Amino acid sequence: MQKEEVKKLYEDYFYDTFKRFDFVAEKGDGSYITDESGKKYLDFMAGIAVNSAGHCNEKVVEAICEQAHKIMHASNYFYTEPQARAAELILKSIGFDKIQYQNSGAEANEAMIKLARKYGVEKYGPNRYKIVTALDSFHGRTLATLAATGQPGSAIQKGYEPFIPGFTYAKFNDLKSFEEACDEDTIAIMVEPVQGEGGVYPATEEFLKGLRKLCDDKGMLLLFDEVQTGWGRTGSLMAFMGYGVKPDCVSMAKAMGGGMPIGAMCTTKELIETFGPGAHGTTFGGNPVACAASYAQIKEIIDNKLPENAAKVGAYFMDKLKALPYVKEVRGRGLMIGVEFEKDIATDVKYNSADEGLLITAVRPSVIRLVPPLNITEADCDEAFGILDKVIKAL
Ligand SMILES: Cc1ncc(COP(=O)(O)O)c(C=O)c1O
């Protein structure tokens, strides 16, 4: 199909809540996307932090094809080998006991929120269901995860009130603000170790350690949303491992499937007992093809030491990015990088960079986010830098 034909079908049948790039993404290969005309783009958004082992990673593609020929869906009433294999690999790699598969990041967070609420009301009584989250956080777009998202009045939240009760927000990286927001009805604190959609703000070690202590002192659970930070992105397998702060429960999605839709919540064997029979479930969560892809993707990430590469190349790139025009701050961890400009130029930088063959995202009017595949090289970063520098100078 020609681009114009594809676009016409979108115009006729879609309602877009996001502006799309003006090309058809036809092929993905490693760190590149090719469009309908054969033009190649260096992909520093990686499907929004998903294609961490590269587009169409051979091992992931093989695993998907092999599993698709065996059985594509059975339902969670059956044992399937890919679910079991991925569960063992995931849990042994990150040091948790039990997993519940989901389909997406929002659902993984929903599962985590449900577990914390049920734990609180069953252990302490009907009022102990409250969760404190951070301002400028992002936890998803389902109704509970929207309520958990600390962006009051923003376009993503406006019009969906009243939210489910039980969420209050505190200032990220401000322990005192979290201490003040917690009361005797609070059962959990939930944060992203590096805020992604909120503008790429890494937590300080002191803050996360402080939250851990606060939760321990008050009998609360610490929940980490690692949907974006998980699986090597920040320079350690999971961000919590790099910070040396273990939560009671962690959610994940995005990179864990290598492009297949899958998410999960991992926790301890004691906590998971809160869910009893029938308390939670999903039709597609843990789909065998998605789990086969997840196993292959996570093996690729571990075997090729991609977290280490993310730490090394990320440090190189962050240092280099400081030389861009109008830069106010470069921040991030590993290959989760935000560049804040002195002016609101992020959207222009995003679309003009695409014209020049580089794909990035804009997370705030003045902030671009760079979340490339984790196997990129310093030469790839030099190429991306060259395009950004040219685009910004031309603004
Ligand atoms: C930290 C975080 N949590 C949750 C989500 C929601 O994930 P999904 O879009 O897969 O529902 C996202 C998505 O960007 C995210 O970055």
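What counts as what
- Residues numbered from 1 in each chain as written.
- Predicted model: local features only at pLDDT ≥ 70, side-chain atom pairs only at ≥ 80, totals over all residues.
- Pairing = 2+ DSSP bridges.
- Helix = DSSP H or I, 4+ residues; strand = E, 2+ residues; numbered from the N terminus.
- Axes fitted to C-alpha atoms, helices over the stretch in contact; angles between N-to-C directions.
- Contact = placed C-beta atoms within 7 Å.
- Left-handed = near helix turned anticlockwise from the far one by under 90°.
- Buried ≥ 20, exposed ≤ 12 C-beta atoms within 10 Å, placed from the backbone.
- Near = placed C-beta within 6 Å.
- Nonpolar A, V, L, I, M, F, W, Y, C, P; charged D, E, K, R; others polar.
- Core = buried A, V, L, I, M, F, W, Y, C linked by C-beta atoms within 7 Å.
- Domains from an automatic or database assignment.
- Parallel < 35°, antiparallel > 145°, perpendicular 65-115°, else oblique.
- Expected span 1.5 Å × (residues − 1).

Chemist: Help me out: how do you make sense of the sheet that holds strand β14 (residues 336–341) in this one?
Modeler: Strands pair in a sheet through their backbones, by hydrogen bonds, and they do so in one of two ways: parallel or antiparallel. The strand order across the open sheet formed by 4 strands is β13-β14-β17-β16, and the pairing between neighbours is antiparallel. In the strand order of this sheet, the two ends are held by β13 (327–333) and β16 (361–364), each with one partner. Each neighbouring strand pair of the sheet contributes to a mean axis angle of 25°, computed without reference to strand direction. Note: β13 against β14, 6 bridges, orientation antiparallel. Bridging across to β14, Val-327 finds its partner in Phe-341. Along the sheet, helix α13 (residues 346–355) makes contact with β14, β16 and β17 (367–370), crossing β16 at roughly 175°.

Chemist: I'm lost on the packing of helix α4 (residues 81–94) against helix α11 (residues 288–303) in this one. Help?
Modeler: When two helices pack together, their arrangement is given by the angle between the helix axes and the distance between those axes. Two numbers describe how α4 lies on α11: the axes approach to 8 Å, and their chain directions differ by 35°. Viewed along their axes, α4 and α11 form a crossing whose handedness is left-handed. Residues Pro-82, Gln-83, Arg-85, Ala-86, Leu-89, Ile-90 and Ser-93 of α4 lie in contact with α11, whose contacting residues are Pro-288, Cys-291, Ala-292, Ser-294, Tyr-295, Ile-298, Lys-299 and Ile-302.

Chemist: Sorry, what's going on with the pairing of strand β11 (residues 249–252) here?
Modeler: Regular strands have side chains that alternate between both faces of the sheet. Side chains Cys-249 and Ser-251 project from β11 onto one buried face, and the interleaved Val-250 and Met-252 project onto a second face that is buried too. When strand β10 (residues 221–225) meets β11, the two strands line up parallel, connected through 3 bridges. Bridge assignment links Leu-223 to a residue of β11, and that residue is Cys-249. With 4 bridges connecting them, β11 and strand β12 (residues 263–267) associate as antiparallel partners. Residue pairing in the sheet places Cys-249 in a bridge with Thr-267 of β12.

Chemist: Can you walk me through the site of the ligand in this structure?
Modeler: The local shell around the ligand holds 14 residues, among which Ser-104, Gly-105, Ala-106, Val-227 and Gln-228 are the closest. At 3 residues, the largest contribution of residues to the shell around the ligand is made by helix α5 (residues 105–124). Of the residues assigned to the shell around the ligand, the class counts are 4 nonpolar, 7 polar and 3 charged.

Chemist: Where do I start with the nonpolar core in this structure?
Modeler: In a soluble, globular protein the nonpolar side chains are often hidden away together inside. One finds Ala-116, Ile-189, Leu-221 and Leu-223 to be the most contacted residues of the largest nonpolar core, which totals 115 residues. Residues lining this core come from more than one domain, with at least three contributed by each of domain 1 (58–303) and domain 2 (305–395). Residues in contact with Leu-221, not counting those within four places in the same chain, are Ala-116, Tyr-119, Ile-187, Ala-188, Cys-215, Asp-248 and Cys-249.

Chemist: Sorry if this is basic, but what is going on with the domain arrangement of the protein chain here?
Modeler: Accessible area lost upon the coming together of the parts serves often as the stated size of an interface. The domains assigned to the protein chain are domain 1 (58–303) and domain 2 (305–395). Contacts between domain 1 and domain 2 engage 15 residues on the former and 19 residues on the latter.

Chemist: Can you help me understand the packing of α13 against helix α14 (residues 378–393) in this one?
Modeler: Between α13 and α14, the shortest axis-to-axis distance is 9 Å and the interhelical angle comes to 120°. By the angle class used here, α13 and α14 are oblique. Of the two elements, α13 crosses α14, and the hand of that crossing is right-handed. Two secondary-structure elements touch here, α13 through Val-349, Asn-352 and Ser-353 and α14 through Ile-387, Leu-388, Val-391 and Ile-392. Within the contact of α13 with α14, the residues separate by chemical class into 5 nonpolar, 2 polar and no charged.

Chemist: Explain helix α12 (residues 306–321) to me, please; I cannot follow it from the model alone.
Modeler: An α-helical segment advances 3.6 residues per turn. Residues three or four places apart therefore align on the same side. Here α12 is 16 residues long and its end C-alpha atoms lie 21 Å apart, about the 22 Å a rise of 1.5 Å per residue gives. Residues of α12 that are buried in the fold lie against α11, β13, β14 and α14.

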